[in-house]
Amino acid sequence: MPIIVRLDVMLATRKMKSKDLAARIGLSEQNLSLLKSGKVRGVRFETLAAICKELDCQPGDLLEFEDES
Amino acid sequence: MSTTRNHAPLKRVHTISTLLYWVCALAIVFEISVVPLVLYAPGWVEVSTSQMTISVADVQALSGWQKAATIGVMMVPSLIIAYGIYRLRKMFGAFAANSIFNIEAIGHLKAFGIALLIQTLVSPLTGAASSVLATFNRPEGERFISIGLSNADAHTLFLSGLIIVIAWVLGEAVRIDDENRSFV
């Protein structure tokens, strides 16, 4: 998957625990863990917006494109 | 309170599915034993389907391999539908285990529909084959081939097609649901 999720980096920068972020955005810890590890097929705009709001960042800070070719 | 309300339909599904799981077990036993019962306990049940194209007395008058082969051929549709019911039983087993919107469970429903379709298509053929098997060594003029088609067969054909289409649509719905679940 050429899209890399940088949520763990942003969480470390903001000094926030996954558990707290999950509670604030109303996502289960399990789903947030899957998102962090990039084991999901997609992210809803709604979820992305909630994460950006809580971490005070832009979608581009959370997602990165890496060309595999 | 709301949790109890939300779980109530699932509990009902569990109860009804468990009941149907055991009803299917009885239906399998019945399907496998119906032909021997009709032949060895005459008068126990009146059979008038495309599966029984020769009279019970005619079959009882046979002996040896001819009788065994005739009964064997007559049992083919019952065995096909018994397999279909076995798959239906597995589906209810999955429902009872709360595995409802699952591709495997829907696969069992599709298999039941296909078994029903095959059974309906095969019944007239096995009926004809059993009439040939039972009468081929009779004197000329007494041999016959009998093909039975009833209104019920046409209805079953329609029903089986309907079940297959419903299973196919449910399979697509499960696939979409699975895709939605992989989004966070």
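Being a predicted model, the structure only gives us computed values, none of them experimental.

Overview of the overall build of chain B
A count of helical and extended segments in chain B gives five helices and zero strands. When the helices and strands of chain B are placed in sequence order, the string is α-α-α-α-α. A globule of 184 residues ought to have a C-alpha radius of gyration of about 16 Å, yet chain B, at 21 Å, is considerably larger. Its C-alpha atoms give chain B principal-axis dimensions of roughly 75 × 30 × 25 Å. Here chain B, with 184 residues, has 26% of them falling under the buried criterion. Partitioning the contacts of chain B with sequence separation of at least 6, the portion at a separation of at least 24 is 76%.

Thoughts on the nonpolar core
By size, the foremost hydrophobic cluster in this structure holds 26 residues, and its most contacted members are B:Ile81, B:Leu88, B:Met91, B:Leu109 and B:Phe112. When residues of this core are traced back to their parent elements, those giving at least two are helix H1 (2–40), helix H3 (64–96), helix H4 (103–135) and helix H5 (151–181) of chain B. Counting residues per element, this core draws most heavily on H3(B), which supplies twelve residues. With sequence-adjacent residues up to four places away left out, B:Met91 is seen in contact with B:Ala105, B:His108 and B:Leu109. In terms of nonpolar packing, the next biggest core, distinct from the first, is built from eight residues, A:Leu21, A:Leu32, A:Leu35 and A:Ile51 among them.

Analysis parameters
Residues numbered from 1 in each chain as written. Chains lettered and ligands numbered in written order. Predicted model: local features only at pLDDT ≥ 70, side-chain atom pairs only at ≥ 80, totals over all residues. Helix = DSSP H or I, 4+ residues; strand = E, 2+ residues; numbered from the N terminus. Rg over C-alpha atoms; globule rule 2.2 N^0.38 Å. Buried ≥ 20, exposed ≤ 12 C-beta atoms within 10 Å, placed from the backbone. Contact = placed C-beta atoms within 7 Å. Core = buried A, V, L, I, M, F, W, Y, C linked by C-beta atoms within 7 Å.

Purely geometric stuff here, so don't read any function into it on its own.
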